[in-house]
Amino acid sequence: MTTLYLSQQSITFRANLAELVAPLRRVRSRSPFFHLAAHRIPTLWSLYRGLLRNSPTGDIKFRVTALFRKYQHLTGTGETRKHLRQGYKWLEFFAKAKQGDAHCQAVLSRYSRLIAAKRENAFMLGLLHKELEWQERLRNRPILTGGFLRPTIYNGPLPRMKPQPIAISGMIRTRMKARTVRLEKQSRMKEALDDLASERRFEMGLKQLVGEELSSTFYSDLDAYEQWTAPIKRVLQDMDKVYKNDHARSNRPYPPELLESIIEARREKIRNKTREKERERSGEILKTTLRRQQQGPPAHILAKMSPERRKMDKVARSLSEVGYVALVKRRLKMPLKDPEAGLESGEKRNRPLLDDAARMLNDENTRRAEDERKSVEDPTSNSEFLERGIENPSKYQLLQSIS
């Protein structure tokens with residue numbers, strides 16, 4: 001077997017070389033650079049503090065603070081070094097502006113106006129988003145429907161709301177899952193008690209069979225059996241208390257204040273529907289109006305209806321009970337609240353005046369038609385009116401009769 005032979009001169013040279021190279025070896029810190037004081041103190045006390053002190057306006061200070069907060073979580077040395085170099089370049093630029101450099105002051109003034117404009121736009125966008133979120137919350141806010149959410153073992157007496165709040169749904173779901181887990185645990189605990197009782201009976205039977213005391217027992221001794229079963233029984237007792245609380249919750253009555261709120265919600269619902277019907281009767285088109293007009297009879301009835309009957313059915317779905325709608329409802333033998341008001345004949349005391357006006361209009365229309373016919377047959381018949389500058393003789397005669 002051969003061994004490597006090194007002279008004493010070679011060993012001495014290698015030792016001297018290792019001693020010279022050892023200080024040049026790179027030493028890695030066990031802590032990340034952003035925890036070291038060599039990084040934190042210059043960055044915070046020299047760079048960040050210097051930028052804030054030399055910032056000419058509040059908008060530029062705001063921008064410096066926002067950038068430091070944005071990049072404070074950087075952990076890569078390359079990105080951190082790049083942003084630190086940019087920061088020190090800004091610090092030098094700010095210092096020149098503070099010392100009176102006109103070019104630097106003009107640049108920072110323009111930069112400050114740009115930041116102010118962006119901040120104002122961001123503020124307006126924030127207000128817009130907040131308003132949209134508030135409107136969405138109002139649009140989807142829970143409203144009492146006037147119904148009752150009956151008490152169960154998962155929830156107490158609650159009013160029926162639409163939409164139902166997520167917190168209530170989550171509470172019910174969480175209690176249902178907890179009850180399922182509790183029942184499974186109770187079943188395992190009872191099985192464990194049964195197993196302990198079986199083991200105790202086995203050891204007692206073994207004692208009787210042998211006829212003498214056993215050297216070691218685990219379950220047949222009363223104190224040992226109590227120590228095994230006591231923790232399980234305490235858990236089962238706690239479960240029984242929870243079950244009693246659940247049943248007490250299901251039998252809890254409604255508070256008088258909550259009952260009054262639910263009844264008031266029913267009244268408000270009726271008032272709201274009444275206002276909605278009045279708005280529809282006044283001619284306003286609502287969502288309920290469109291929804292009702294888009295509805296139709298069942299398919300098996302619609303298939304047997306003629307096109308005219310389908311049109312009448314669509315017209316009859318309006319809330320109006322006068323005019324053409326009332327006429328269609330009468331043909332379909334639909335009940336009307338006021339059968340006398342079905343036709344637009346006006347009030348009874350005004351009907352003679354309305355009849356006279358209708359008669360006068362019919363006579364005037366007949367006379368106009370006759371005049372038009374004569375003017376076409378004999379153009380010289382209107383020469384008298386044309387000489388007086390009257391281009392429409394019929395209208396002139398109507399005004400004269402009214403006056």
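Here the structure is a predicted model, which is why all the values come from computation and not from measurement. (Residues numbered from 1 in each chain as written. Predicted model: local features only at pLDDT ≥ 70, side-chain atom pairs only at ≥ 80, totals over all residues. Heavy atoms only, no water.)

Peer 1: I would appreciate a short explanation of the overall build of the protein in the present structure.
Peer 2: If you tally the helices and strands in the protein, you get 15 helices and two strands. Within the protein, residue pairs in contact and separated by at least 24 positions form 45% of the contacts whose partners lie at least 6 positions apart. A total of about 31,700 Å² of accessible surface is found on the protein, and carbon and sulfur atoms cover 56% of it. (Helix = DSSP H or I, 4+ residues; strand = E, 2+ residues; numbered from the N terminus. Contact = heavy atoms within 4.5 Å. Areas by Shrake-Rupley, 256 points an atom, 1.4 Å probe, with all protein chains shown as cover.)

Peer 1: Would you mind showing me how to read a negative patch on the surface here?
Peer 2: A grouping of Glu 191, Asp 194, Asp 195 and Glu 199 is seen on the molecular surface, where their side chains present a negatively charged patch. As for its placement among the helices and strands, Asp 194 is situated in helix H6 (residues 166-210). (Patch = residues over 30% accessible without salt bridge, like charges linked within 9 Å, V, L, I, M, F, W, Y side chains within 5 Å. Salt bridge = Lys/Arg side-chain N within 4 Å of Asp/Glu carboxyl O. Lys, Arg positive; Asp, Glu negative; His and termini not counted. Charge placed at Lys NZ, Arg CZ, Asp CG, Glu CD.)

Peer 1: Got a minute to help me understand the packing of aromatic side chains in this structure?
Peer 2: One pair of aromatic rings is described through two measures. These are the centre distance and the angle between the planes. Tallied over the full model, the rule gives three aromatic pairs. Aromatic side chains Phe 148 and Tyr 254 sit 5.1 Å apart centroid to centroid with 80 degrees between the ring planes, which places their arrangement in the edge-to-face category. Of this pair, Phe 148 sits in strand S1 (residues 143-149) while Tyr 254 sits in the loop between helix H7 (222-250) and helix H8 (256-281), placing them 106 residues apart in sequence. Across the pair, exposure class does not vary: Phe 148 and Tyr 254 are buried alike. (Phe/Tyr/Trp six-rings, centres within 6.5 Å; stacked < 30°, edge-to-face > 60°. Buried < 20%, exposed > 50% of the residue type's maximum accessible area, 1.4 Å probe, protein only.)

Peer 1: What exactly am I supposed to notice about helix H3 (residues 58-70) here?
Peer 2: Given 3.6 residues to a turn, an α-helix orients residues that are three or four positions apart in the same direction. Taking 1.5 Å per residue, 13 residues should reach 18 Å; H3 reaches 18 Å between its end C-alpha atoms and fits that length. The complete set of buried residues in H3 reads Asp 59, Ile 60, Val 64, Thr 65 and Leu 67. Check the buried side of H3 and you find it contacts helix H2 (37-54), helix H4 (77-99) and helix H5 (102-139). (Expected span 1.5 Å × (residues − 1).)

Peer 1: In this structure, what is going on with the packing of H4 against H5? I would like to understand it.
Peer 2: Two packed helices can be described by the angle between their axes and the distance between those axes. Here H4 crosses H5 at 110 degrees, and the two axes come no closer than 7 Å. Here H5 runs roughly perpendicular to H4, going by the angle between their axes. Two packed elements cross with a definite hand, and for H4 against H5 that hand is left-handed. Contact with H4, carried on its side by Phe 93, Phe 94, Lys 96 and Ala 97, involves Cys 104, Gln 105, Val 107 and Leu 108 of H5 and no other residues of that element. (Axes fitted to C-alpha atoms, helices over the stretch in contact; angles between N-to-C directions. Parallel < 35°, antiparallel > 145°, perpendicular 65-115°, else oblique. Left-handed = near helix turned anticlockwise from the far one by under 90°.)

Peer 1: Even after reading the chapter, I still don't get the layout of surface pockets, so can you show me in this structure?
Peer 2: Over the atoms a probe the size of a water molecule is rolled, and this reveals where empty space is left. Within this model, the largest pocket holds a volume of roughly 910 Å³. Lining the largest pocket are 21 residues, and of these Ile 143, Lys 162, Asn 272, Lys 273 and Glu 276 sit closest to its centre. If you add up the space inside the second largest pocket, you get close to 650 Å³. The wall of the second largest pocket is formed by 22 residues, among which Thr 43, Phe 68, Tyr 71, Gln 72 and Leu 84 lie closest to the centre. Counting residues per element, the ones that place at least two in the lining of the second largest pocket are H2, H3 and H4. Per-element accounting of the lining of the second largest pocket gives the leading share, seven residues, to H2. In the lining of the second largest pocket, the residues fall into twelve nonpolar, eight polar and two charged. (1 Å grid on protein atoms, 1.4 Å probe; cavity = no way out; pocket = protein on both sides within 12 Å on 5 of 7 lines; lining within 4 Å. Points joined across faces, edges and corners; volume = space filled by probe spheres on them. Nonpolar A, V, L, I, M, F, W, Y, C, P; charged D, E, K, R; others polar.)

Peer 1: Got a minute to help me understand the pattern of salt bridges in this structure?
Peer 2: Any two side chains of opposite charge can pair, so long as their charged atoms come close to each other. A full pass over the atoms with the stated rule returns 19 salt bridges. The partner of Glu 268 in a salt bridge is Arg 271, with the nearest N and O atoms 2.9 Å apart. On the criterion of helical spacing, the pair formed by Glu 268 and Arg 271 is a turn pair, its members being three residues apart in helix H8. Looking at Arg 271, the relative accessible area reads 36%, which means it is partly exposed. When the shortest N-O distance is used, the salt bridge between Lys 273 and Glu 276 registers 3.9 Å. A residue pair is termed a helical-turn pair when its members lie 3 or 4 positions apart in one helix, as Lys 273 and Glu 276 do in helix H8 at three residues. Given a relative accessible area of 17%, Glu 276 falls into the buried group. A cluster of three or more residues bridged by salt bridges with shared partners is formed by Glu 260, Glu 264, Arg 267, Glu 268, Arg 271 and Arg 275.

Peer 1: It is not clear to me how the side chain of Ser 55 should be interpreted in this structure. Could you clarify?
Peer 2: Within the element layout of this structure, Ser 55 appears in the loop between H2 and H3. Within the structure, the side chain of Ser 55 is placed 2.4 Å from the backbone oxygen of Leu 51, a separation counted as a polar contact. Setting aside chain neighbours within four positions, we find Ser 55 in contact with Ile 60, Lys 61, Val 64 and Phe 94. (Polar contact = N/O pair within 3.5 Å; in protein donor to acceptor, adjacent residues only side chain to side chain.)

Peer 1: Before we go on, may I ask you to explain the nonpolar core in this structure?
Peer 2: For soluble globular proteins, nonpolar side chains are generally found buried alongside one another. In this structure, Leu 47, Leu 51, Ile 60, Val 64, Leu 91, Phe 94, Ala 97, Cys 104, Leu 108 and Ile 115 together form the largest nonpolar core, which totals ten residues. Val 64 has contacts with Tyr 48, Leu 51, Leu 52, Ser 55 and Phe 94, leaving out every residue within four places of it along the chain. Counting residues in hydrophobic clusters, the runner-up holds nine residues, among them Met 189, Tyr 225, Ile 232 and Met 239. (Core = buried A, V, L, I, M, F, W, Y, C linked by side-chain atoms within 4.5 Å.)

Peer 1: Got a minute to help me understand empty space enclosed by the protein in this structure?
Peer 2: Under the criterion given, the structure shown has one cavity of 30 Å³ or more. Taken together, Leu 149, Pro 159, Arg 160, Met 161, Gln 164, Pro 165 and Ile 168 make up the lining of the largest cavity.

Peer 1: Whenever I open this one, the packing of H2 against H3 confuses me. Can you help?
Peer 2: The N-to-C vectors of H2 and H3 enclose an angle of 150 degrees; their axes lie 9 Å apart at closest approach. Classified by the interaxial angle, the pair formed by H2 and H3 is roughly antiparallel. Residues Thr 43, Leu 47, Tyr 48, Leu 51 and Leu 52 of H2 lie in contact with H3, whose contacting residues are Lys 61, Val 64, Thr 65 and Phe 68. Class assignment for the residues of the contact of H2 with H3 results in six nonpolar, two polar and one charged.

Peer 1: Which parts of the structure should I look at to understand the environment of Leu 259?
Peer 2: For Leu 259, the position within the fold is in helix H8. Sequence separation between Leu 259 and Pro 159 is 100 residues, and the spatial gap between their C-alpha atoms is 8.5 Å. With residues up to four places along the chain from it excluded, the contact list for Leu 259 reads Phe 148 and Tyr 254.

Peer 1: Would you mind going over a positive patch on the surface with me for this structure?
Peer 2: A surface patch of positive charge is lined by Arg 49, Arg 53, Lys 61 and Lys 98. Within the secondary structure, Arg 53 is located in helix H2.

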